[in-house]
Every structure is written in structure tokens, then in C-alpha cells.
Amino acid sequence: MDIFRPDCPAPVQVAALYRFARLPHCADLRAPLQRLCLEEGIRGTLLLASEGINGTIAGSPEGISRVLDHIRALPDCANVDVKLSSASAMPFHRMKVRLKPEIVTMGQPDIDPAASAGTYVEPQDWNTLITDPNTIVIDTRNDYEVAVGTFEGAIDPKTARFRDFPEWFRNERGRLLGSGTPPKVAMFCTGGIRCEKSTAFLKAEGVEDVYHLKGGILKYLETVPEEQSLWRGECFVFDQRVTIGHGLAQGTYTLCHACRRPVRADDIESPLYEPGVSCPACHHERSEGQRASYRERHRQELLAAEQGRAHVGMVNPRPDQDGH
């Protein structure tokens, strides 16, 4: 999937969206939404839960517009957060509307981001907040994402999954907040969805002075000039660009199609790297039988590409699919 900027002409429009909203009867919303997407030729995945909606879909601009109108008509979804981009070809094989316990998995069922998320900070005001000596800055993303790039001075929780964040914070709370006047807490993630939940979690834990970057890293890199930026490195994204830099320019990483983690140029030189099969980060996590299966799948993908057809097969999950 080649994803470009929204202003680039391409036949397929891609919409990444989320909204925390109270949807207690979300099961009743699934069939009409699935039916509309199929009628409009839309593909991708949408997650519905009692806490809201999340997902990425692709199709014609007219079809995407009709589906977004439908979603905006759902209870408290008029202000759904949508990021539009374009693709040179359809990036998804099928359409799925799934019912889930959470739209981003934290494992804290009593958290209500729709009612108690932290204070938004616009990208142009973010530098002032995170350079304040009375502010601690926390990166809420997974460890493999943080390794690619982060904000200067940010704390890395080194979590493998978002559901590990609550335990990390509870264990580190005393060290982070101290015993005197608590500092301000600024948190950020790729597009904003995690931070709605993580700030709501901190407020439920009794931390009041909590802030998060509006629009996430993506909006910051898009709007803040590089010469003023406090971002260091690149930003991992959940599409075939793999990483991006300032101005949302294509980054330098590729993707391991076995574990879906980013791969540096020097990783490709490792004897543990095999395209479509393994990389230094995941080689020890897979059995030889699994690698043989991935090897065959990769062979079938190459064959399909040579024949000019799409290969529909197993897609190996990233360590945490909720981190967009």
C-alpha cells in the first residue's frame, strides 16, 4: 500500500478515524454499517465497542463520504476524528465491522475517555509545555515505536502493549510524580487515540494536571516547522510508509512482514533477516515451522505480484494492533 498526502491525486481515499462515545447498543449498529460499506465498495476494518468507534477504511471519495456521514449520525459521533489520505491502489482485501470490548485495548473497563480525557494541547503550543521544567513527558506508544523516534526528553515506559501501561504507571508513580507538588503530565501518541485513554486513566488515578498532544505526532510533524521541532528521529506509522518524518515525508525504515516491526538498513544486513520471514527483533520469537510457513507465504506473494494479481492470505499481526 502506497499512502500519499491527501492532496495527491489517487483513485482511492483512505480514512483513519476514531471517536470515544457512549454506544451501549453498539451491536445494533454493526449490521447497518457493514451493509453500507459493502454497498459503497468500501474495504478495511471498523471496530465498534460501548466506548466508541475506531478503524481505517478505503474506497472512492464519494463512498467514504457517505460512510462518514453515517458514522457522524451515530450517537455523540458528530465530531469523529478523521485523517484522510490517498492510496494508489486499494490497500485492503475485505470489509469487516467488528464488535470489541474496547476500541483501543487498555484493559481498564471503568475508564471513560468521552467524559474525562486530559486537556488538548495544539501542536504549535506543545514545545512550550514539554520544555517547562515542571512538566514530565510520557510516550504512550509501544517500545518498538519509541525506538524509531520520540520527543526530546520524553520518558519511554518500554511497554510491549498498551495494556501494560497502567501497571507501568502504578509501579512508577512515586518516582514520576514525587512527594511534593505534582508536576504537569504531558502524553503523546501517533494519532491521538491512545492519549485520550491514557489521560483518562491518569485522571481516574487522581492525577489532575494532565495534557495530551492534539492530533498526535502526525499533526505535529505536519504543522510544526522542522527547524522549530523537538521531535527526534522518525515516526512509525501503521501503513506501508512504515515511518515518516517532518512534513510527513517518507522515512528510511522498511517493514518486517513477519512481525510488522520497523527494520533499519543495518538490520537488513543481519543473518537473522529474511524478507517476509524474520528480522533481528522477531527471529527468536518464531519457531522454524512458523518461519517455513512465512517463507511459503512470501513465495506466494511474489508469485502473485509477478502475475499481476492480489494475494489474499494470512496477515501476521503486529505485537499490538491498537497503537495507531
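What counts, and where the lines are drawn
Per chain, the residues get numbers from 1 upward, laid out in the order the sequence is written. The predicted nature of this model means local features are confined to residues of pLDDT at least 70 and side-chain atom pairs, given and counted, to a pLDDT of 80 or more, with totals for whole chains, interfaces and linings taken over all residues. Hydrogen atoms and water are omitted, and side-chain values are computed over all heavy atoms in the structure. Think of it this way: any DSSP run of H or I at least four residues long counts as a helix, any run of E at least two long counts as a strand, and we number them from the N terminus. Computation of the radius of gyration draws on C-alpha atoms, with the globule rule given as 2.2 Å multiplied by the number of residues to the power 0.38. Working definition: with a 1.4 Å probe on protein chains only, accessible area under 20% of the residue-type maximum means buried, over 50% means exposed, and in between means partly exposed. Think of it this way: a Phe, Tyr or Trp ring, Trp meaning its six-membered ring, pairs with another when their centres are within 6.5 Å, and the plane angle makes it stacked under 30 degrees, edge-to-face over 60, tilted otherwise. Only strands joined by at least two bridges in the DSSP assignment are considered to pair. Axis definition: a line fitted to C-alpha atoms, over the contacting stretch in the case of helices. Angles run 0 to 180 degrees between N-to-C directions. Orientation labels follow simple angle bins: below 35 degrees gives roughly parallel, above 145 gives roughly antiparallel, 65 to 115 gives roughly perpendicular, and whatever is left gives oblique. The crossing is said to be left-handed when, going from far helix to near helix, the turn is anticlockwise and less than a right angle, and right-handed when the turn is clockwise. Note on contacts: a residue pair qualifies if any of its non-hydrogen atoms lie within 4.5 Å across the two residues. Arc definition: it is the arc formed by the directions from the helix axis to the C-beta atoms. Residue count minus one, scaled by 1.5 Å, sets the expected span of a helix. Throughout this description, the term nonpolar core refers to a set of buried Ala, Val, Leu, Ile, Met, Phe, Trp, Tyr and Cys residues connected via side-chain atoms within 4.5 Å. Ten residue types, Ala, Val, Leu, Ile, Met, Phe, Trp, Tyr, Cys and Pro, are classed as nonpolar, four, Asp, Glu, Lys and Arg, as charged, and the remainder, Gly among them, as polar.

**Q** Looking at this structure, I do not really get the overall build of the protein. What am I missing?
**A** Check the secondary structure of the protein and you find 10 helices and 16 strands. For 324 residues, the compact-globule estimate of 2.2 N^0.38 gives 20 Å, and the C-alpha radius of gyration of the protein, at 20 Å, lies within 12% of that figure. Each principal axis of the C-alpha distribution contributes one length, and for the protein these read about 65 × 50 × 40 Å. Within the protein, the proportion of its 324 residues that are buried is 49%.

**Q** Any chance you could explain the packing of aromatic side chains here in plain terms?
**A** The relative placement of two aromatic rings is captured by the distance of their centres and the angle of their planes. Applying the stated rule across the entire model yields 11 aromatic pairs. For the ring pair W126 and F151, a centre distance of 5.9 Å and an interplane angle of 55° mean the geometry is tilted. On the criterion of sequence distance, the pair formed by W126 in helix α4 (residues 123-130) and F151 in strand β9 (residues 149-151) is long-range, its members being 25 residues apart. Members of the aromatic cluster, each reached through a chain of ring pairs, are W126, F151, F188, Y220 and W231.

**Q** Looking at this model, I keep getting lost on the pairing of strand β3 (residues 43-49). Mind explaining?
**A** Side-chain direction in a regular strand flips from residue to residue, so the side chains alternate between the two faces of the sheet. Most of β3 sits out of view: 5 of its 7 residues are buried. Relative to strand β4 (residues 52-59), β3 is paired through 7 bridges, and the arrangement is antiparallel. Opposite L46, over in β4, you have G55 as the bridge partner. Taken together, β3 and the strand that follows it, β4, pair antiparallel across an intervening segment of 2 residues.

**Q** Help me understand the packing of helix α6 (residues 165-177) against helix α7 (residues 193-204), please; the structure alone is not making it clear to me.
**A** For any two helices packed against each other, one specifies the crossing angle of their axes together with the interaxial distance. Between α6 and α7, whose axes approach to 11 Å, the crossing angle comes to 40°. Comparing the axis directions of α6 and α7 gives the class oblique. Both α6 and α7 take part in a crossing whose hand is right-handed. Listed contacts from α7 to F165, P166, F169 and R170 of α6 are S198, F201 and L202.

**Q** How should I be thinking about unusual backbone geometry in this particular structure?
**A** Peptide bonds are trans in most cases, and residues, glycine excluded, mostly fall at negative phi. The residue D76 is not glycine, and still its phi comes out positive at about 60°. Within the secondary structure, D76 sits in the loop between α2 (61-72) and β5 (81-87). Note on D76: relative accessible area 46%, which makes it partly exposed. Positive phi is not limited to glycine here, since K158 has a value of about 60°. Following the sequence through the fold, K158 ends up in the loop between β9 and α6.

**Q** Please clarify how α4 should be interpreted in this entry.
**A** Since there are 3.6 residues in each turn of an α-helix, residues three or four apart along the chain are aligned in direction. For α4, the full list of buried residues reads P123, W126, N127, L129 and I130. Buried positions in α4, seen along its axis, are confined to an arc of 165° and lie on one side of it. Among the exposed residues of α4, those oriented more than 90 degrees off its buried face are Q124 and T128. Packed against the buried residues of α4 are β7 (119-121), β8 (135-139), β9, β10 (184-188), β11 (210-213) and α8 (216-223).

**Q** Even after reading the chapter, I still don't get helix α1 (residues 26-39), so can you show me in this structure?
**A** Under the 1.5 Å per step criterion, the end-to-end length of α1 is 20 Å for 14 residues, consistent within 8% with the ideal 20 Å. Buried residues of α1: C26, L29, L33, Q34, L36 and C37, and no others. The buried side chains of α1 occupy one side of the element, clustering within an arc of 165° when seen end-on. Of the exposed residues in α1, those oriented more than 90 degrees away from the buried face are D28, L38 and E39. Buried residues along α1 sit in contact with β3, β4, α2 and β6 (95-99).

**Q** Just to check I follow, could you spell out the nonpolar core for this structure?
**A** One recurring pattern in soluble globular proteins is that nonpolar side chains are buried together. Judged by nonpolar contacts, the single largest core of 25 residues is most densely connected at I138, F165, F169, V185, M187 and L202. Mapped onto this core, the elements with two or more residues apiece are β2 (12-20), β8, α6, β10 and α7. Not counting the four nearest positions on each side in its chain, V185 is found in contact with I136, I138, L177, L202, V207, D209, V210 and Y211.

**Q** So what exactly am I meant to see when it comes to the packing of α1 against α2 here?
**A** Interhelical geometry of α1 versus α2 gives an angle of 165° and a closest axis separation of 9 Å. Taken together, the axes of α1 and α2 are roughly antiparallel relative to one another. Where α1 crosses over α2, the two elements pack in a sense that is right-handed. On α2, the residues that touch P32, L33, L36 and C37 of α1 are R66, V67, H70 and I71. Split by residue class, the contact of α1 with α2 holds 6 nonpolar, 1 polar and 1 charged.

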